[in-house]
Amino acid sequence: MVYNRLSVFRAERGLSRKDVAEKVGVNPQTIGYLERGDYAPSVELALKLSALFDLPVEHLFSLKPFTPLAQSLRDPET
Amino acid sequence: MFIRSKAHPYGRMLSIETVRLLMILLYLFYPLGCILQLAPVSGDAEKWLAGGGLLMVVAALIAFAVLAGSSLQRQVQEPESELDERESSERNRAAFQAHSVFSAIVLMGVLYMMLTTDMAEAGKLDLWRPVTGAHWNAIFGGLILLSFTLPGAVLAFRKAPPAEA
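Model, not experiment: these values are computed from the prediction.

**Details of the packing of aromatic side chains**
Each pair of aromatic rings is reported with the distance of its centres and the angle of its planes.
Here is step 1 of the chain: All chains considered together, the criterion is met by 3 aromatic pairs over all chains.
Here is step 2 of the chain: Consider the rings of Phe9 of chain A and Phe53 of chain A, whose centres lie 6.3 Å apart with planes at 40°: the pair is tilted. Taken together, the positions of Phe9 of chain A in helix α1 (residues 6-13) and Phe53 of chain A in the loop between α4 (43-52) and α5 (57-60) put the pair 44 residues apart, joining distant regions of the chain.
Here is step 3 of the chain: When its relative accessible area of 0% is taken as the criterion, Phe53 of chain A is described as buried.
Here is step 4 of the chain: For the pair Phe64 of chain B and Phe148 of chain B, a centre-to-centre distance of 6.2 Å together with 25° between the ring planes defines the contact as stacked. Of this pair, Phe64 of chain B sits in helix α2 (residues 44-68) while Phe148 of chain B is found in helix α5 (residues 133-158), placing the two residues 84 residues apart along the sequence.
Here is step 5 of the chain: Its relative accessible area of 27% is what places Phe148 of chain B among the partly exposed residues.
Here is step 6 of the chain: Sitting over the ring of Tyr33 of chain A, Arg36 of chain A keeps its end group 5.0 Å from the ring centre.
Here is step 7 of the chain: In this arrangement the basic side chain of Arg86 of chain B is found over the ring face of Tyr33 of chain A, its NZ or CZ atom lying 4.2 Å from the centre.

What counts and what doesn't
- Residues numbered from 1 in each chain as written.
- Chains lettered and ligands numbered in written order.
- Predicted model: local features only at pLDDT ≥ 70, side-chain atom pairs only at ≥ 80, totals over all residues.
- Heavy atoms only, no water.
- Phe/Tyr/Trp six-rings, centres within 6.5 Å; stacked < 30°, edge-to-face > 60°.
- Helix = DSSP H or I, 4+ residues; strand = E, 2+ residues; numbered from the N terminus.
- Buried < 20%, exposed > 50% of the residue type's maximum accessible area, 1.4 Å probe, protein only.
- Lys NZ or Arg CZ within 6 Å of the ring centre and 35° of its normal.

Below is the structure:
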């Protein structure tokens, strides 16, 4: 299972799934599948997405569940 | 078979529930309609059964026409270069499973033909076998419909509903 924070960063940038899909060259449905965790991306797609959000890939994708945002804000050490 | 229209170059987006319903309708109505049309009955019942059977086959073909223009059918039939990595990997998995199911159906049909022919020749049991051109056409038509739609059916019954917003 590959976890991701795609929906968080997408909302932060005010992008629709279609916008993201067009920028990385996939079908908009694929972004939906990724966000729901129903599909694990290839290395190429993961790198394209991290480049789009200008983030290291491990900030976007992880093999462990991400700490919820509210908890991260309360306790920045986690 | 994917029917591309100018209005929907990537296929018409149907909900997964609609696709499943159309697949069930196609796979139930086509064989039932053929059986009713070709049933060996005579008199008034023959006309009613044949008429009912024809309507069921037409309904199945309409379901097939709608499915042939759907985005799911595009995923199954489009060249590899036109699909993204998720669509392509899903399609490959579905094609493998559909191939297995199709092969099993054809194998069972061939075994049935072999056994019923042997038993009839031995005078033991005279089970129904396709004899006339209409019988064979119904079977071949069904196999053609199945080969076109089975990978899409595998996808439709495995997929979670998509999200595009």
